[in-house]
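Examining the three-dimensional arrangement
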Amino acid sequence: MARRFAGKYSNKPPAPQDAASREARRPTILFLLPFLYAIIAFRSPPRAMLLGLLACGLMLLAAWLTREGVRAQLAYEARKIAQHPAIPHKLIAAVLMGVGLLLGGLMTQTDLVVPICYGMVGMTLHMLAFEPDPLTNKGMEGLTDFDIERVSRAVSEGEGFLTGMREAILRAGDASLEARVDHFATVARDLFRQVENDPSDLSGARKFLTVYLMGARDATAKFADAYAAMRDAKTRADFEALLTDLETTFAARSRALLENDHLDLEVEISVLRERLALEK
């Protein structure tokens, strides 16, 4: 059996898709409040107008950074091995929110005490509502920083190709094909999780995470444009056959790695190569 690394993160499953979607939408409300300051600013004297517009701008920037920070954290939590976000988006957002509220308070106050209180309370509530950014790399016991970095980089690259496939298939305007692509993405992510469980499997899976997923993304983009223009049944059937081959081959590789099976998969891989070559 493939060796698994034990650790405090090893049994934590990825967040459910619907829960992740709800969490990603939470910062949306932060985009509404700044416009109240903008509305008040345009009805105020020049000094108050300037402060109100600055407050609006800083709070909009804080809302955007918060949204990016939540997305980064969801991606971090969905993986067993991940590097922490390079920029602490939510921490910066909390500071900007506090400064924005301080400036908003100065629109009507000449004393600094009340505006500073506004800013401190707003910053504190923001940090409590959205939690701190991850500040450490997430891995498992027995892994070096190098192991974590190379697995995280490979999985991130693979996720990027899956995102590209999802965005491309939307152009075809076919819900059932979107569901097929989503199903393949689930199969591919099983391989991602296997590599995260045992980083020594990366060498046997690297081509799947890069070359084949890149080819799948490019084939999907080409198909989506052609199918959207002509709705050709044969083109659709060929693409569905490609997805079937992708699912079969990725699932076979996951099983082989899980069982530490060194049986040759070149037959399945050669079929996949031929499919991708035809789709280019």
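Residues numbered from 1 in each chain as written. Predicted model: local features only at pLDDT ≥ 70, side-chain atom pairs only at ≥ 80, totals over all residues. Heavy atoms only, no water.

**Brief notes about the packing of helix H6 (residues 145–169) against helix H8 (residues 202–230)**
Running from N to C, H6 and H8 cross one another at 15 degrees; their axes reach a closest spacing of 8 Å. Here H8 runs roughly parallel to H6, going by the angle between their axes. Handedness of the H6/H8 crossing: left-handed. When H6 is examined against H8, the residues Arg 150, Val 151, Ala 154, Val 155, Glu 157, Gly 158, Phe 161, Leu 162, Gly 164, Met 165, Ala 168 and Ile 169 are found in contact with a partner set consisting of Leu 202, Arg 206, Leu 209, Thr 210, Leu 213, Met 214, Ala 216, Arg 217, Thr 220, Ala 221, Phe 223 and Ala 224. Along the lines of polarity and charge, the residues of the contact of H6 with H8 split into 16 nonpolar, four polar and four charged. (Axes fitted to C-alpha atoms, helices over the stretch in contact; angles between N-to-C directions. Helix = DSSP H or I, 4+ residues; strand = E, 2+ residues; numbered from the N terminus. Parallel < 35°, antiparallel > 145°, perpendicular 65-115°, else oblique. Left-handed = near helix turned anticlockwise from the far one by under 90°. Contact = heavy atoms within 4.5 Å. Nonpolar A, V, L, I, M, F, W, Y, C, P; charged D, E, K, R; others polar.)

**Overview of the side chain of His 126**
With respect to the element layout, His 126 can be found in helix H5 (residues 113–130). Setting aside residues no more than four positions away along its own chain, His 126 makes contact with Leu 30, Thr 66, Lys 90, Ala 93, Ala 94, Met 97 and Glu 131.

**As for the environment of Phe 42**
Mapped onto the secondary structure, Phe 42 falls in the loop between helix H2 (33–41) and helix H3 (46–77). Expressed as a C-alpha distance, the spacing of Phe 42 and Gly 52, which sit 10 residues apart in the sequence, is 8.4 Å. Once residues lying within four places of it in the same chain are set aside, the contact partners of Phe 42 are Met 49 and Leu 53.

**What to know about the side chain of Gln 194**
Note that Gln 194 resides in helix H7 (residues 175–197). A relative accessible area of 6% places Gln 194 in the buried class. A polar contact is formed between the side chain of Gln 194 and the side chain of Asp 201, at a distance of 3.1 Å. (Buried < 20%, exposed > 50% of the residue type's maximum accessible area, 1.4 Å probe, protein only. Polar contact = N/O pair within 3.5 Å; in protein donor to acceptor, adjacent residues only side chain to side chain.)

**Quick look at the pattern of salt bridges**
Inspection of the entire model under this criterion finds 14 salt bridges. Between Arg 189 and Glu 159 there is a salt bridge, with the nearest N and O atoms lying 3.0 Å from each other. Linking Arg 189 in helix H7 with Glu 159 in helix H6, this pair joins segments that are 30 residues apart in sequence. Relative accessible area serves as the criterion here: at 30%, Arg 189 is assigned to the partly exposed category. Relative accessible area serves as the criterion here: at 15%, Glu 159 is assigned to the buried category. Between Glu 240 and Arg 236 there is a salt bridge, with the nearest N and O atoms lying 3.8 Å from each other. With a gap of four residues between them, Glu 240 and Arg 236 both fall in helix H9 (residues 233–258), about one helical turn apart. What makes Glu 240 partly exposed here is its relative accessible area of 24%. Among the charged side chains, a salt-bridge network with shared partners connects Arg 67, Glu 68 and Arg 71. (Salt bridge = Lys/Arg side-chain N within 4 Å of Asp/Glu carboxyl O.)

**Description of H2**
All of the buried residues in H2 are Pro 34, Tyr 37, Ala 38 and Ala 41. With its buried residues spanning 100 degrees around the axis, H2 presents them on a single face. Where H2 is buried, its residues contact H3 and helix H4 (89–106). (Arc of directions from axis to C-beta.)

**Observations concerning unusual backbone geometry**
Although it is not a glycine, Glu 131 sits at a positive phi angle of roughly 65 degrees. Within the secondary structure layout, Glu 131 lies in the loop between H5 and H6. Phi at Arg 231 takes a positive value of approximately 50 degrees, unusual for a residue other than glycine. For Arg 231, the location among the structural elements is in the loop between H8 and H9. Accessibility expressed as a relative area gives 41% for Arg 231, which makes it partly exposed.

**What to know about the packing of H7 against H8**
Running from N to C, H7 and H8 cross one another at 170 degrees; their axes reach a closest spacing of 11 Å. Taken together, the axes of H7 and H8 are roughly antiparallel relative to one another. Here Leu 177, Phe 184, Leu 191, Phe 192 and Val 195 of H7 lie close against H8, whose contacting residues are Leu 202, Ala 205, Phe 208, Leu 209, Leu 213, Phe 223 and Tyr 227. When its residues are assigned to classes, the contact of H7 with H8 shows 12 nonpolar, no polar and no charged.

**Describing the nonpolar core**
In terms of nonpolar packing, the biggest core is built from 37 residues, with Leu 162, Phe 184, Leu 209, Phe 239 and Phe 250 touching the most fellow members. Counting only elements with at least two residues in this core, the list comes to H6, H7, H8 and H9. Here this core gets 11 residues from one element, more than from any other, and that element is H8. With sequence-adjacent residues up to four places away left out, Leu 162 is seen in contact with Phe 184, Ala 185, Ala 188, Arg 189, Phe 192 and Leu 213. Within the second largest apolar cluster, 20 residues are counted, among which are Ala 41, Val 70, Leu 106 and Phe 130. (Core = buried A, V, L, I, M, F, W, Y, C linked by side-chain atoms within 4.5 Å.)

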